[in-house]
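# Commentary on secondary and tertiary structure
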Amino acid sequence: MKLKPEIKQFIKDNLHLIDTDDWDAFWGLVEEEGKIFKDMLDVKDLTEFLLDCGCDTLKNSKVIPSGYLCCSDKSEIKIPENINYIGYRAFSNMVNLKQVTIPSSVDLIDDEAFYKCTNLKEVTILNPEIILSFGTFSGCSRLMLLKY
């Protein structure tokens, strides 16, 4: 989605942290004085949209929510150091994902967090005591290297 630079800047300046499941708060922000930014009406993935606008949706969070980047086209992910939990299917169906780095701060990865990331080849986990839940890497048929 192509957004006008002034809309991106407005969002970046006014949206410091948003729960990626809270559409009401998001729309409350962009409906300032009853004016909805028309080119935002087709937003399907709020997380991708906010990241594209330069908003760090995890800046003040300790949790990556369920479905966070589900179906995103990113090829590499480095989980921030402030995160200690990765939610259910947070990165599922990311078919272009090839490499993931999980910092020592992460204690728990919920069920199927990387479900069907079919091109995922390398995962680096920096916490040797991390808890991997049911099917964390289920459907990751090309996973060749899991480093601790």
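Above this text you will find the structure in question.
Predicted model, so just to flag it, every value in this text is computed and none were measured.

### A closer look at the packing of aromatic side chains
A full pass over the atoms with the stated rule returns three aromatic pairs. Ring centres 6.4 Å apart and planes at 85° place the aromatic pair Tyr-68 and Phe-91 in the edge-to-face group. Here the residue Tyr-68 occupies a position in the loop between strand S1 (63–64) and strand S2 (76–78), and Phe-91 occupies one in the loop between strand S3 (85–86) and strand S4 (99–102), the gap between them amounting to 23 residues. An identical accessibility class is assigned to Tyr-68 and Phe-91; each is buried. Look at Phe-91 and Phe-114: their rings are 5.2 Å apart centre to centre, the planes differ by 15°, and that puts the pair in the stacked class. In this pair, Phe-91 is assigned in the loop between S3 and S4 and Phe-114 in the loop between strand S5 (108–109) and strand S6 (122–125), connecting sequence segments 23 residues apart. For the pair Phe-91 and Phe-114, one class covers both residues: buried. Ring pairing ties together the aromatic residues Tyr-68, Phe-91, Phe-114 and Phe-137, which thus form one cluster.

### Quick look at the layout of surface pockets
Approximately 190 Å³ is the volume found for the largest pocket. Considering the residues around the largest pocket, the lining is formed by 13 residues, among which Leu-51, Leu-58, Tyr-68, Leu-69 and Lys-78 are closest to the centre. Residue contributions to the lining of the largest pocket peak at three residues, all from S2. Residue composition of the lining of the largest pocket, grouped by class: nine nonpolar, no polar and four charged.

### Considering the side chain of Ser-72
As for its placement among the helices and strands, Ser-72 is situated in the loop between S1 and S2. A polar side-chain atom of Ser-72 sits 3.3 Å from the main-chain amide nitrogen of Lys-74.

### What about unusual backbone geometry?
It is generally the case that most residues other than glycine have a negative phi and that most peptide bonds are trans. Phi at Arg-89 is positive, roughly 50°, even though this residue is not glycine. With respect to the helices, strands and loops of the structure, Arg-89 is situated in the loop between S3 and S4.

### What to know about the sheet that holds S5
Spatially, four strands are ordered S1-S3-S5-S7 in an open sheet, and the strand pairing comes out parallel. Two strands lie at the open edges of the sheet, namely S1 and strand S7 (131–132), each paired on one side alone. Two elements, S3 and S5, share two bridges in a ladder whose sense is parallel. Bridging from a neighbouring strand, Tyr-85 pairs with Leu-108 of S5.

### Looking at the pattern of salt bridges
The full count for this structure, using the stated rule, is three salt bridges. Arg-89 is the partner of Glu-112 in a salt bridge, and the nearest nitrogen-oxygen pair spans 2.7 Å. With a gap of 23 residues between them, Glu-112 in the loop between S5 and S6 and Arg-89 in the loop between S3 and S4 connect regions that are remote in the sequence.

Parameters at a glance
- Residues numbered from 1 in each chain as written.
- Predicted model: local features only at pLDDT ≥ 70, side-chain atom pairs only at ≥ 80, totals over all residues.
- Heavy atoms only, no water.
- Phe/Tyr/Trp six-rings, centres within 6.5 Å; stacked < 30°, edge-to-face > 60°.
- Helix = DSSP H or I, 4+ residues; strand = E, 2+ residues; numbered from the N terminus.
- Buried < 20%, exposed > 50% of the residue type's maximum accessible area, 1.4 Å probe, protein only.
- 1 Å grid on protein atoms, 1.4 Å probe; cavity = no way out; pocket = protein on both sides within 12 Å on 5 of 7 lines; lining within 4 Å.
- Points joined across faces, edges and corners; volume = space filled by probe spheres on them.
- Nonpolar A, V, L, I, M, F, W, Y, C, P; charged D, E, K, R; others polar.
- Polar contact = N/O pair within 3.5 Å; in protein donor to acceptor, adjacent residues only side chain to side chain.
- Pairing = 2+ DSSP bridges.
- Salt bridge = Lys/Arg side-chain N within 4 Å of Asp/Glu carboxyl O.

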